[in-house]
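Analysis of the macromolecular model
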Amino acid sequence: MLKKVLIANRGEIAVRIVRACAEMNIRSVAIYTEPDRYALHVKRADEAYSLGEEPLAGYLDPLRIVNLALETGCDAIHPGYGFLSENANFAKLCEEKGITFIGPKSSVIHKMGDKTQARDSMRAAGVPVTPGSDGNLKDLNEALELAEKIGYPVMVKATSGGGGRGIRRCDSAEELKVQYPRVISEATKAFGSAEVFMEKCIVDPLHIEVQILADSHGNVVHLYERDCSIQRRNQKLIEIAPSPQLTPEQRQYIGGLGVKAAQAVGYENAGTVEFLISGNEVYFMEMNTRVQVEHTITEQITGVDIVREQLQIASGMPLSFAQKDIHYRGFALQFRINAEDPKNDFLPSFGRISHYYAPGGPGVRVDTAIYTGYEIPPYFDSMCLKLVVWALNWDHVIERGQRALDDMRLHGIKTTAQYYQQILKHPDFQGANFNTSFVPSHPELLNYSVKRHPSEVALAIASAIAAHAGW
Ligand code: ADP
Ligand code: ADP
Ligand code: MG
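Keep in mind that this is a model prediction, so the values were computed, not measured.

1. Section: the overall build of the protein
The number of helices and strands found in the protein is 15 helices and 22 strands. Its C-alpha atoms give the protein a radius of gyration of 22 Å, near enough to 23 Å, the size a compact globule of 471 residues would have. A principal-axis box enclosing the C-alpha atoms of the protein has dimensions of 70 × 55 × 45 Å. Burial statistics for the protein: of 471 residues in total, 56% are counted as buried.

Here it is, written out as C-alpha cells:
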C-alpha cells in the first residue's frame, strides 16, 4: 500500500483526497501558492509546502512538484482534476522519476487527451463516435466542405479542450466562417494548441457519462452512469446519478460501451467515458482520464469510495469487487455551487465569505474547502462547494435538494444556489424530461427575486450607514 501521497491540487478535491488518505493511514502532502496560504487543504494535510507567490505557476510546474514529492519521501502523486491531471508529460515525468502517478499510463492520457486520437481509438474498437472529421481540420476551406457533407448544425471543437471551453456551434456557412478562427484563438490561449476538429452537432442530446474503474490486473468495471445534461455554456451545473431518463436496456448498453472503451486503450485507474444520446443513438464524445468533479454522486448511489479505489489500484491491488457485485440504490444530485452571479451572465463573484452555515441532515453531503471568513481568491475556478443529496426515489431527491439548498447559508458572495432552486421547481426537471438545451431554453428561470437573510440585510444597512457617516 502507498505510504505517502503528494496532492497536486487545491480546493475541495485536495481536501477530498486528504480525507481518503487519512482513512487509509497514508500520509498526505499538500502544495500551495501564496493566495492559498489559509486554504483548508493546507490546514488539513499532514504536511504542506509553498510553491511561491505566483497564484497558478506552482500548481502547473511538473518538475517542481515531482522533485518536491521525491524530497518529501512520497511514493505517489494524486493530480485531482483540472491543473496537471490530464497532462501526459507530468505523468511521464512521474514514471521516469519512479513516482506513482495516480491515474492511467502517460501514453493513455496522451491518446485520450487528444480528442481526435481518442475518436480514432474508439472507432477502431467499435464504439460509435459522433460523425465528424477524421482528424484535425487543416483550414477553413476543409471545414466548410466537411460541414456541407455532414450537414449543419456542426460543432467546431478544440482538440485538447476541456472544462466546456473551445466549443462553438455553427448553424450555417456564414457562422462557421466567423466561429472557426474564434475557436482556434480560444484553443491557443486556453490549451496552448491551435488544433481543432469538427463534429456533427447532435441537437438536444442527453449528456450521459459512465464511471469506470480499472485495475492493473486487467479487471475493468463500470459504476453505472451520470446524467450531466443540465449545463450552461457546455459546463455542468447539476449532475444526476443514475440518469432518470434511461431505460434499463439503455443503462446496460451504455455501461458496457464504457467498459469496452476503457479496455480498448488499456485503461487503468478511475476514468469517465462521456457520451451523447439522442433517441436511440449513442455517440462517444470524449474520455476524461481522471477523477471527475461529479464522482460524488456515483459514490452515493453505489457506496463505492472512488478515491479510495484509486489509491488501492495505484498500490497495485486488484479491484475488490466484480461487475456483478456493484449495485446502485436511489438517486443522487450534485449542485455545483459556484461563486458567480447568475443574474449577471454568471460573472464570477469572488470575495470574503462573511458567513457560511453548512447544510446537513439525512442524505446530505458537502464537499468544499470554504469556511466563514475565507476569502475566495480570483485566480482559480469559481466552483466553491459541491452540495450532494441522496434519496430513495426521484421525487424525494428533488425535495431533499430543495431543502438542503434552503438549509445552506453562504453570505458575502453571490452564488448559483438560488438559481438551482428555480430549476428544481420546473415541471420538465421534475418530470425527468430535459436535455442539454434545458438551461438555454429557460432564461425565465433567472427572473427570481434574490432572497437575503436578515443578518445580511442588517450588515448591508450597517455599512450603508457607515459609508454615509463617513466612518
Ligand atoms: P468534469 O469533467 O469533472 O465535470 P470539468 O469539465 O468541470 O470536469 O472540469 C473540471 C476542472 O478542470 C475545471 O476547473 C476545468 O476548468 C478544468 N479542466 C478540464 N479540462 C481541462 C483542460 N483540458 N485544460 C485545462 N483545464 C481543464
Ligand atoms: P469538454 O472537454 O469541455 O468537457 P466535451 O466534448 O465533453 O468538452 O463537450 C462538452 C459539452 O458540449 C457536452 O456535454 C455537450 O453539451 C456539448 N457538446 C459537445 N459536442 C457536442 C456535439 N457534437 N453535439 C452537441 N453537443 C455537443
Ligand atoms: Mg467533457
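Having seen the model, we can carry on.
2. Some points on the site of ligand 2
Near ligand 2 you find 22 residues, and of these Lys115, Gly164, Glu199, His207 and Gln231 are the closest. The contact in question runs from a nitrogen atom of ligand 2 to an N or O atom on the side chain of Lys157, over 2.8 Å. Contact between ligand 2 and Gly163: an oxygen atom at 3.3 Å from a main-chain N or O atom of the residue. A total of 550 Å² of accessible area belongs to ligand 2 in isolation, and the protein chains cover 95% of it.

3. Overview of the coordination of the magnesium ion (ligand 3)
Coordination of the magnesium ion (ligand 3) by the protein is provided by Glu274 (OE) and Glu286 (OE), with metal-donor distances spanning 2.0 to 2.1 Å. In this pair, Glu274 is assigned in strand E12 (residues 269–278) and Glu286 in strand E13 (residues 281–288), connecting sequence segments twelve residues apart. No difference in accessibility class separates Glu274 from Glu286, as the two residues are buried.

4. Some words on the domain arrangement of the protein
You'll often see interface size given as the accessible area lost when the parts meet. Annotation of the protein at the domain level lists domain 1 (4–102), domain 2 (131–200) and domain 3 (206–454). Its C-alpha centre places domain 2 at a distance of 27 Å from the equivalent point of domain 3. For the pair domain 2 and domain 3, the number of links is zero salt bridges. Seen at the junction of domain 2 and domain 3, the total is one residue pair in polar contact (both at pLDDT 80 or more). Class assignment of the residues belonging to the side of domain 2 that touches domain 3 gives a composition of two nonpolar, two polar and two charged.

5. With respect to the packing of helix H4 (residues 88–97) against helix H5 (residues 106–113)
Running from amino to carboxyl end, H4 crosses H5 at an angle of 175°, the nearest separation of the two axes being 8 Å. Between H4 and H5, the interaxial angle falls into the category roughly antiparallel. Side by side, H4 and H5 meet where Ala88, Ala91, Lys92 and Glu95 of the first sit next to Ser106, Ile109 and His110 of the second. Taken together, the residues of the contact of H4 with H5 break down into three nonpolar, two polar and two charged.

6. Some points on the sheet that holds strand E1 (residues 4–7)
The parallel open sheet is built from five strands, whose spatial order is E3-E2-E1-E4-E5. Both outer strands of the open sheet, strand E3 (47–50) and strand E5 (100–101), are each paired with one neighbouring strand and no more. Alignment of E1 against strand E2 (residues 27–32), held across four bridges, turns out to be parallel. Each bridged residue has a counterpart across the sheet, and for Leu6 the counterpart in E2 is Val29. Its contacts with the sheet put helix H1 (residues 11–23) on E1, E2 and strand E4 (76–78), and the angle it makes with E1 is roughly 175°.

7. Let's talk about helix H9 (residues 248–264)
Under the 1.5 Å per step criterion, the end-to-end length of H9 is 24 Å for 17 residues, consistent within 8% with the ideal 24 Å. Within H9, the full set of buried residues consists of Arg251, Ile254, Gly255, Leu257, Gly258, Val259, Ala261 and Ala262. Immediately downstream of H9, the backbone of Gly266 shows phi near 65°, a positive value.

8. Examining the pattern of salt bridges
Taken as a whole and judged by the stated rule, the model has 31 salt bridges. The partner of Glu199 in a salt bridge is Lys157, and the shortest N-O contact between them spans 3.2 Å. Placement of the pair is Glu199 in strand E8 (residues 196–200) and Lys157 in strand E6 (residues 154–158), with a sequence separation of 42 residues. Of the two residues examined, Glu199 and Lys157, each falls in the buried class. Between Lys451 and Asp406 there is a salt bridge, with the nearest N and O atoms lying 3.0 Å from each other. A residue pair is termed long-range when its members are at least 10 positions apart, and Lys451 in the loop between helix H14 (427–430) and helix H15 (454–469) and Asp406 in helix H12 (residues 394–407) qualify at 45 residues. We classify Lys451 as exposed; its relative accessible area is 55%. Salt bridges sharing partners connect three or more residues here, namely Glu209, Arg226, Lys236, Glu239, Glu274, Glu294 and Arg336.

9. Notes on the sheet that holds strand E9 (residues 206–214)
Strand pairing in a sheet relies on backbone hydrogen bonds, with the paired strands running either antiparallel or parallel. Pairing in this open sheet of eight strands is antiparallel, and the strands run E13-E12-E9-E10-E11-E14-E21-E19 from one edge to the other. A strand with exactly one partner marks an edge of an open sheet, and here the two such strands are E13 and strand E19 (364–368). Neighbour-to-neighbour, the strand axes of the sheet open up by a mean angle of 25°, direction not taken into account. Pairing between E19 and strand E21 (residues 383–391): five bridges, direction antiparallel.

10. Describing the nonpolar core
Phe335, Ile337, Trp394, Ile423 and Phe429 are the most contacted members of the largest nonpolar core, which has 41 residues in total. When residues of this core are traced back to their parent elements, those giving at least two are strand E11 (235–241), strand E14 (331–338), E21, H12 and helix H13 (417–425). Among all residues touching Trp394, those that are not within four sequence positions of it are Ile240, Pro244, Phe331, Leu333, Phe429, Gln430, Ala432 and Phe434.

11. Some words on the state of the cysteines
For the coordinates displayed, the defined rule picks out zero disulfides. Left unpaired, Cys74 is separated from the closest cysteine sulfur, that of Cys21, by 9.4 Å. Judged by its relative accessible area of 7%, Cys74 falls in the buried class. With no disulfide of its own, Cys384 has Cys228 as its nearest cysteine by sulfur position, at a separation of 19 Å. Look at Cys384 and you get buried, because its relative accessible area is 8%.

Basis of the calculations
- Residues numbered from 1 in each chain as written.
- Chains lettered and ligands numbered in written order.
- Predicted model: local features only at pLDDT ≥ 70, side-chain atom pairs only at ≥ 80, totals over all residues.
- Heavy atoms only, no water.
- Helix = DSSP H or I, 4+ residues; strand = E, 2+ residues; numbered from the N terminus.
- Rg over C-alpha atoms; globule rule 2.2 N^0.38 Å.
- Buried < 20%, exposed > 50% of the residue type's maximum accessible area, 1.4 Å probe, protein only.
- Near = heavy atom within 4 Å.
- Polar contact = N/O pair within 3.5 Å; in protein donor to acceptor, adjacent residues only side chain to side chain.
- Areas by Shrake-Rupley, 256 points an atom, 1.4 Å probe, with all protein chains shown as cover.
- Donors = N, O, S within 2.8 Å, 3.2 Å for Na, K, Ca; no water.
- Domains from an automatic or database assignment.
- Salt bridge = Lys/Arg side-chain N within 4 Å of Asp/Glu carboxyl O.
- Nonpolar A, V, L, I, M, F, W, Y, C, P; charged D, E, K, R; others polar.
- Axes fitted to C-alpha atoms, helices over the stretch in contact; angles between N-to-C directions.
- Parallel < 35°, antiparallel > 145°, perpendicular 65-115°, else oblique.
- Contact = heavy atoms within 4.5 Å.
- Pairing = 2+ DSSP bridges.
- Expected span 1.5 Å × (residues − 1).
- Core = buried A, V, L, I, M, F, W, Y, C linked by side-chain atoms within 4.5 Å.
- Disulfide = S-S within 2.5 Å.

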